[in-house]
Amino acid sequence: MILPAPGPAESWGRVVRASSRRLAPQFRDEVARGLAAARDAGVSTLGVGLGRSYGDSGLNSDQAVIDARHLDRLISFDPDAGVLRAEAGASLGALAQVLAPRGFFLPTVPGTRFVTLGGAVANDVHGKNHERAGTFGANVRRIGLRRSDGVVEIAPGDDLFAATIGGLGLTGFIEWVEIGVTRIPSTLIDQETIPFDDLDAFFAIAAESKARFEHTVAWVDCTQGGKSIGRGVFTRGVWAPDGGFAPHTDRALPVPIEAPSFALNPLTLKAFNVAYDAAQRLKAGTARVHYTGHFWPLDSLFGWNKLYGPKGFYQYQCVLPWATGRDGVAEMLRRIARSGEGSFLAVLKTFGDRPSPGMLSFPMPGTTLALDFRNRGAATMKLLAALDDIVREAGGRLYPAKDGRMPAAMFRAGYPALDRFATFVDPAFSSDFWRRITA
Ligand SMILES: Cc1cc2nc3c(=O)[nH]c(=O)nc-3n(C[C@H](O)[C@H](O)[C@H](O)COP(=O)(O)OP(=O)(O)OC[C@H]3O[C@@H](n4cnc5c(N)ncnc54)[C@H](O)[C@@H]3O)c2cc1C
């Protein structure tokens, strides 16, 4: 196999751009030849999926990447045991389309269906039901991992398994994944939308939702200061007891042009947040909706990341432990409101107590806040550094899937198993994120 010439690559936030030599194997047995070609050319490699990570964890500048997206076959499905095995390039959306008509669903899904199985494992992604299901990796039974010295099958209990779950693609190329799937009574969700006026109300609704609602998430208006800090809208849902098993379709409205960088400014951000808040408050109450609208509302706007203009945007997601979560989130929201930077999509959620299986898994019990910031250069970096201080002080950490700039010391402080993890990194694999964080 010959390595193709370098071509451009960018991640979802479009701030970090790279040029790399992209291999796109059609069959699993070609992966070994791809690895050999990279070795012969003297470059490292990295498995990549659908590029939905925001920063540099899915980039490997001036080196090689192995694009998994053609390795998307379903290998087996046992409905009695509720176990599915598929190649790592299969998207969660495509798998949902196979499972839903049969009365099954993935145990947890992130906020977009355009994520591969390999990407879901390598970032140990979480969904709206973390309290019940834990992370994606908590439901994985076996993995076929191609290392530079051959293929290994790994399972819970193996150290290499714990390194590979949330291992950012650095322990080898994931060829296939076996996962436990969940029976569902229908493909509809009984959803409640509840406006709230401040952070204390958010925490009260979150606590009260635990027993009855599997899926919970909230949007907060981060342009609000003073008494309205943390004002937002809480959404919670459970699978509806009936309503049939229609899967989702792949309709999405394209975002045809790249928005000019002046399109988003403090005024339009404020206006958007006020309008969104009002629209959500109008929807307050209960509704029966299809799972796609509940889990993946952003997917209906294909390519929405271009709305932030040519300079792209940073996503910032942290988790703070229970003890410091409320005050830490309040402090961050105050700091953001003061900066006038704002974020269209500020998402607030709680994580449950189920331990994450990966050495570098992001979720821990507590509160997670995710925000988007248009890239305004030094001003944005200054704000993000101030947020870092709050997160560090609160004993929290940042999510590598969303990161393209956190200082190495911040990563080390948040991930105490880093040194142990490093012993499982395959020397043939690397990424921009890894070189930055270990420099
Ligand atoms: C709109 C949106 C909403 C999101 N919501 C959530 C959310 O709710 N929860 C959450 O946890 N995340 C969320 N994310 C982040 C997303 O789930 C992760 O970044 C996910 O890992 C992306 O998967 P991907 O297939 O695009 O992989 P990529 O972004 O291409 O790669 C991600 C990582 O996986 C590795 N990788 C990919 N394939 C392989 C393979 N075959 N073998 C080895 N390594 C591999 C890469 O090296 C990289 O480190 C969201 C992202 C978007 C854009």
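Relevant structure appears above.
Rules behind the numbers
Residues numbered from 1 in each chain as written. Predicted model: local features only at pLDDT ≥ 70, side-chain atom pairs only at ≥ 80, totals over all residues. Heavy atoms only, no water. Helix = DSSP H or I, 4+ residues; strand = E, 2+ residues; numbered from the N terminus. Rg over C-alpha atoms; globule rule 2.2 N^0.38 Å. Buried < 20%, exposed > 50% of the residue type's maximum accessible area, 1.4 Å probe, protein only. Lys, Arg positive; Asp, Glu negative; His and termini not counted. Charge placed at Lys NZ, Arg CZ, Asp CG, Glu CD. Pairing = 2+ DSSP bridges. Axes fitted to C-alpha atoms, helices over the stretch in contact; angles between N-to-C directions. Contact = heavy atoms within 4.5 Å. Parallel < 35°, antiparallel > 145°, perpendicular 65-115°, else oblique. Left-handed = near helix turned anticlockwise from the far one by under 90°. Nonpolar A, V, L, I, M, F, W, Y, C, P; charged D, E, K, R; others polar. Near = heavy atom within 4 Å. Polar contact = N/O pair within 3.5 Å; in protein donor to acceptor, adjacent residues only side chain to side chain. Areas by Shrake-Rupley, 256 points an atom, 1.4 Å probe, with all protein chains shown as cover. Salt bridge = Lys/Arg side-chain N within 4 Å of Asp/Glu carboxyl O.

**Q** Could you give an account of the overall build of the chain, naming the residues involved and the relevant values?
**A** From N to C terminus, the chain includes 13 helices and 21 strands. Its C-alpha atoms give the chain a radius of gyration of 21 Å, near enough to 22 Å, the size a compact globule of 439 residues would have. Overall, the C-alpha framework of the chain stretches about 60 × 50 × 45 Å when taken along its three principal axes. Expressed as a percentage of the 439 residues in the chain, the buried residues total 57%. Considering the chain, the positive charge centre built from 49 side chains and the negative charge centre built from 44 side chains are found 4 Å apart.

**Q** Which residues make up the environment of Pro427, and what are the values?
**A** Inspection of the secondary structure puts Pro427 in the loop between helix H12 (418–422) and helix H13 (432–438). Judged by relative accessible area, Pro427 falls into the exposed class, the value being 78%. Distance from Pro427 to Ser148, taken between C-alpha atoms, is 8.0 Å for residues 279 residues apart in sequence.

**Q** Describe the sheet that holds strand S9 (residues 150–154), naming the residues involved and giving the relevant values.
**A** Spatial strand order, S5-S6-S10-S8-S9: five strands in an open sheet with antiparallel pairing. What marks the edges here is a single partner per strand, and that holds for strand S5 (74–78) and S9. Averaged over all pairs of adjacent strands, the angle between their axes in this sheet comes to 10 degrees, without regard to strand direction. Sheet analysis places strand S6 (residues 83–87) next to strand S10 (residues 173–180), joined by five bridges and oriented antiparallel. Paired with Arg85 across the strands is Glu178, a residue of S10. In the packing of helix H1 (residues 29–40) onto the sheet, contacts are made with strand S8 (140–147) and S10, and the angle to S8 comes to roughly 45 degrees.

**Q** Explain the packing of helix H6 (residues 199–209) against helix H9 (residues 322–339) to me, and be specific about the residues and the numbers.
**A** Running from amino to carboxyl end, H6 crosses H9 at an angle of 140 degrees, the nearest separation of the two axes being 11 Å. In terms of orientation, H6 and H9 fall into the oblique class. Two packed elements cross with a definite hand, and for H6 against H9 that hand is right-handed. Contact with H6, carried on its side by Leu199, Asp200 and Phe203, involves Trp322, Gly325, Arg326, Val329, Ala330 and Leu333 of H9 and no other residues of that element. Looking at the contact of H6 with H9 residue by residue, the classes come out as six nonpolar, one polar and two charged.

**Q** Pulling in residues and values, what's your account of the site of the ligand?
**A** Taken together, 35 residues lie near the ligand, and Gly47, Arg52, Ser53, Thr116 and Tyr399 sit nearest. At 3.1 Å, a backbone N or O of Ser57 approaches an oxygen atom of the ligand. Contact distances for the ligand include 2.8 Å between a nitrogen atom and a backbone N or O atom of His126. Compared with its free state, where it exposes 960 Å², the ligand has 96% of that area covered by protein. Mapped onto the shell around the ligand, the elements with two or more residues apiece are strand S3 (47–48), helix H3 (117–122) and S10. Looking at the shell around the ligand, the element that brings in the most residues is H3, giving three residues. In the shell around the ligand, the residues fall into 18 nonpolar, 15 polar and two charged.

**Q** I'd love a proper account of the pattern of salt bridges, names of residues and values included.
**A** Scanning the entire structure with this criterion turns up 29 salt bridges. Among the ionic pairs, Asp327 bridges to Arg326, the shortest N-O distance being 3.2 Å. Here Arg326 falls in the partly exposed class, since its relative accessible area comes to 33%. Between Asp419 and Arg412 there is a salt bridge; the shortest N-O distance is 3.2 Å. A single network of salt bridges, built from pairs that share partners, joins Glu192, Glu208, Arg212 and Arg236.

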